[in-house]
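Architecture and fold: a report
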Amino acid sequence: MGLRYRVKNKISSDSKFVGRKNIVEELQLEWDKPIDQDPQFIFNIYGKAGIGKTELLNNFLAVNSDENYICRLDSNFQNLGNPISLIEAVIQNTFIKDKRIDFPKTAELIMRLEQIANGSEKSNNELPIPVIAQQMLNLPSREKSYRGMIQLRSAGTTWQSLSVELDEKLMTAPLFEITKQFIEEMNKYCSGGKFVLVIDTFEKVPEDLDRWFLYELLNEPVSIEVDMRLIFAGTKPLKKRN
């Protein structure tokens, strides 16, 4: 069952906001459900600083990491300010046991986008906010096309094209193309176990990313077919976010 179908009845009324006794037992019980039993896939661990959220995450992931693909991020240490930065952090930090999982085509697209935007190859850690990141957060409605969202030609840069068709797609719809490729590689390389995305210090992640993650990512043409589980940890519950 694709993740977009699992999310339909889970976003608003059926989310679990964890912050009470027996947290580990509750989390493990839901965690162990197979995908065909429509398991909860968003887990929220929240509370004041110093109450043991990180220790709980460490212990839980240690028990459940052997056969699962784990990507653990922290907004204090990774740039999670826009969708492409989040995708980039995921493809750089996804492991099964001690082996890192590569997403070669997604990484190539991100690097190529930076070359097009900047006119030269630069660090993958930041995208130029005035040119790309800020505009990406102004996401169109589901009914509108992504084409024309960002026109990079206006920047006046020149480059040696690796692929005219690929460059044209990146220039007109970069977020769409990179997200699509990311989902394809996640389905290909992360099958056979759960794909677990953990974001710590989630209160520092921009709220605009919530809408992209739940309503845009899950409605791309390529369905997310892996058994994805999301763990968001921070000082504030998800229900406090818009």
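Fair warning: this is a prediction, and the values are worked out from it, not measured in the lab.

Rules behind the numbers
Residues numbered from 1 in each chain as written. Predicted model: local features only at pLDDT ≥ 70, side-chain atom pairs only at ≥ 80, totals over all residues. Heavy atoms only, no water. Salt bridge = Lys/Arg side-chain N within 4 Å of Asp/Glu carboxyl O. Buried < 20%, exposed > 50% of the residue type's maximum accessible area, 1.4 Å probe, protein only. Helix = DSSP H or I, 4+ residues; strand = E, 2+ residues; numbered from the N terminus. Contact = heavy atoms within 4.5 Å. Phe/Tyr/Trp six-rings, centres within 6.5 Å; stacked < 30°, edge-to-face > 60°.

Notes on the pattern of salt bridges
This model, assessed by the stated rule, comprises 4 salt bridges. As a salt-bridge pair, lysine 33 and glutamate 30 come within 3.4 Å of each other at their nearest N and O atoms. Judged by relative accessible area, lysine 33 falls into the partly exposed class, the value being 29%. The class for glutamate 30 is buried, based on a relative accessible area of 9%. For the salt bridge of lysine 180 with glutamate 184, the shortest nitrogen-to-oxygen distance reads 3.1 Å. In this pair, lysine 180 and glutamate 184 are both assigned in helix 8 (residues 174-189), 4 residues apart and thus about one turn of the helix distant. Since its relative accessible area comes to 31%, glutamate 184 is described here as partly exposed.

Considerations on the environment of phenylalanine 182
As for its placement among the helices and strands, phenylalanine 182 is situated in helix 8. In sequence terms phenylalanine 182 and alanine 107 are 75 residues apart; their C-alpha atoms lie 8.8 Å from each other. Beyond its immediate stretch of four places on either side in the chain, phenylalanine 182 contacts Ile87, Val90, Ile91, Phe103 and Thr106.

Side note on the packing of aromatic side chains
The final tally for this structure, using the stated rule, is 4 aromatic pairs. Both rings, one in tryptophan 31 and one in phenylalanine 60, keep their centres 4.9 Å apart while their planes meet at 90 degrees; by these two values the pair is edge-to-face. On the criterion of sequence distance, the pair formed by tryptophan 31 in helix 2 (residues 23-31) and phenylalanine 60 in helix 3 (residues 53-64) is long-range, its members being 29 residues apart. A residue is classified by how much of its surface remains accessible, and phenylalanine 60, at 5% relative accessible area, is buried. Linked through ring pairs, Trp31, Phe43 and Phe60 together constitute an aromatic cluster.

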